[in-house]
Amino acid sequence: MENENVFRLSEKFYKKQPDSGIDLSKVLDASDENSFGFEKLQETKPGVWEHEEMPGLLILNKCLAPETQLDIVKCILERQLSDSRNKSNLSPFYELPHGEKNLWTMYKNGEDNVAIPPTGSSKPVTVKNLMEKKLRWITFGEQYNWTTRVYPDPATAPPFPEKLGHLTEELVHKATEFKDWKAEAAIVNFYSPRDTLSGHVDDAEDDLTLPLLSMSIGLDCIYLLGTETRKDVPKAIRLHSGDAVIMTGLSRKAYHAVPKIIPNTAPSYLQLKDEAVWNQWIQTKRVNFNIRQVRV
Ligand SMILES: O=C(O)CCC(=O)C(=O)O
Ligand SMILES: [Fe+2]
């Protein structure tokens, strides 16, 4: 069964690339006309690019204005992270501060050495360590449970943030035929340069013909898109801050992964005057918004 692991081999290949010289020779970059595979891209609607070997994947490069990128990451840090109804990978393990004094405000206001107690018997961990390393994802709207891989009763879900809902619905409505698509669940993934997301298919939603929107902010990454099996060699795409991809059709059910974050690639427009803590944090993060309609 030697080709069972083909997807995994590509993940390993990119994961082990040295930061100082990543092999981009087989990586499509929709923002670089000299990149591998660029000639197979076609603009099928204004701002929407499709690659002939990646059926169903819509690439919306640079579709988020700098202010929008800043707005949505700040909305997560300042509002969604302060709401105890929004679960994160940290929720089961730490007595997280919520409300006005939450992880982000403590971090930003110089309380980064404060120790946050665990829920169990492990050691307390500083705000700094949680914000810079341990926070890997937060969910809002309908709360996908990564462990059980289901969405619990929607009646218990906090509402989807209105502004982000409008923005994402507009992107999907303009780029696809799905004019009634609704943003119901979001997973925000936080990556530091050595973090990866291994190959998976997102299949917990009711209807896998409905598009999934994925927006990237901060550091660039290499994103792998395969097929419905792990036996096929995936395609590699470089995603930049402000890019979005929409997984529709065949790509909606395809294996995908993020094997490599590319350090020192955060755009300078994300740097803000007099916001040293934010500037440092965003320079070392990729923030991915993964937005789905859950119900039909
Ligand atoms: O970070 C990404 O670009 C992909 C994230 C993803 O696939 C997911 O959250 O299901
Ligand atoms: Fe995914």
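Remember, it's a predicted structure, so these values are computed and weren't measured experimentally.

Draft legend 1. Local environment of the overall build of the chain. Within the chain, the regular secondary structure consists of seven helices and 15 strands. Taken over the C-alpha trace, the chain has a radius of gyration of 19 Å; the compact-globule value for 296 residues is 19 Å, and the two agree within 12%. By its C-alpha atoms, the chain is 50 × 45 × 45 Å across when sized along the principal axes. The buried share of the chain, reckoned over its 296 residues, is 52%. Taking as baseline every contact in the chain between residues at least 6 positions apart, the subset at least 24 positions apart corresponds to 73%. Only carbon and sulfur atoms are counted for the fraction: they give 51% of the accessible area of the chain, which is about 14000 Å². The positive charge centre, built from 37 side chains, and the negative charge centre, built from 42, are 6 Å apart in the chain.

Draft legend 2. Spotlight on the site of ligand 1. The full set close to ligand 1 counts 13 residues, and N189, Y191, H256, R286 and R292 are the nearest of them. Residue N189 places a side-chain N or O atom 2.9 Å away from an oxygen atom belonging to ligand 1. Note that an oxygen atom of ligand 1 is positioned 3.2 Å from one of the side-chain N or O atoms of N288. In isolation ligand 1 exposes 300 Å². Once the protein is present, 99% of that is buried. Within the residue set of the shell around ligand 1, elements represented by two or more residues are β8 (185–191), β9 (197–200), β14 (256–262) and β15 (286–292). No other element matches the four residues that β15 contributes to the shell around ligand 1.

Draft legend 3. Summary view of the side chain of E169. Here E169 is to be found in helix α5 (residues 162–175). Here E169 sits buried without a salt bridge, and the closest side chain of opposite charge, K182, lies 7.5 Å off (N-O distance).

Draft legend 4. The arrangement of the nonpolar core in detail. Ranked by size, the top nonpolar core spans 48 residues in total, and within it L103, M131, L213, M215, W281, F289 and I291 carry the most contacts. A per-element tally of this core places helix α2 (residues 66–78) first, with five residues. When residues are assigned to domains, this core turns out to be shared by domain 1 (6–71 + 162–292) and domain 2 (90–134), each giving three or more. Aside from chain neighbours lying at most four places away, what touches M131 is L77, L81, L103, W104, Y107, W281 and K285.

Draft legend 5. Geometry of the sheet that holds strand β12 (residues 235–239). Pairing within the open sheet is mixed, and its five strands lie in the order β1-β12-β11-β14-β9. Unpaired on one side and paired on the other, β1 (27–28) and β9 mark the two borders of the sheet. Two strands pair when backbone bridges link them, and β9 and β14 are joined in this way by two bridges, in the antiparallel orientation. Bridge pairing in β14 places L197 opposite V258. Seen against the sheet, helix α1 (residues 6–15) touches β1, β9, β11 (220–225), β12 and β14 and runs at an angle of roughly 10° to β14.

Draft legend 6. Inspection of the UniProt feature "binding site: Fe cation" (unreviewed entry) in the chain at higher detail. In this numbering, the UniProt entry assigns the feature "binding site: Fe cation" (unreviewed entry) to H200, D202 and H256. Considering the C-alpha atoms alone, the annotated residues occupy 57 residues of sequence yet fold into one spot, their largest mutual distance being 9.0 Å. Tracing the backbone shows D202 in the loop between β9 and β10 (212–218). Once you skip the residues sitting within four places of it in the chain, D202 turns out to touch L208, L212, R252, H256 and R292. Positionally, H256 belongs in strand β14. We classify H256 as buried; its relative accessible area is 5%.

Draft legend 7. Expanded view of helix α7 (residues 276–283). Within the sequence span of α7, burial applies to W278, N279, W281 and I282. Packed against the buried residues of α7 are α2, α3 (103–108), α4 (127–134), β8, β10 and β15.

Cut-offs used in this document
Residues numbered from 1 in each chain as written. Chains lettered and ligands numbered in written order. Predicted model: local features only at pLDDT ≥ 70, side-chain atom pairs only at ≥ 80, totals over all residues. Heavy atoms only, no water. Helix = DSSP H or I, 4+ residues; strand = E, 2+ residues; numbered from the N terminus. Rg over C-alpha atoms; globule rule 2.2 N^0.38 Å. Buried < 20%, exposed > 50% of the residue type's maximum accessible area, 1.4 Å probe, protein only. Contact = heavy atoms within 4.5 Å. Areas by Shrake-Rupley, 256 points an atom, 1.4 Å probe, with all protein chains shown as cover. Lys, Arg positive; Asp, Glu negative; His and termini not counted. Charge placed at Lys NZ, Arg CZ, Asp CG, Glu CD. Near = heavy atom within 4 Å. Polar contact = N/O pair within 3.5 Å; in protein donor to acceptor, adjacent residues only side chain to side chain. Salt bridge = Lys/Arg side-chain N within 4 Å of Asp/Glu carboxyl O. Core = buried A, V, L, I, M, F, W, Y, C linked by side-chain atoms within 4.5 Å. Domains from an automatic or database assignment. Pairing = 2+ DSSP bridges. Axes fitted to C-alpha atoms, helices over the stretch in contact; angles between N-to-C directions. UniProt positions renumbered as here; feature names shortened; annotations may be inferred.

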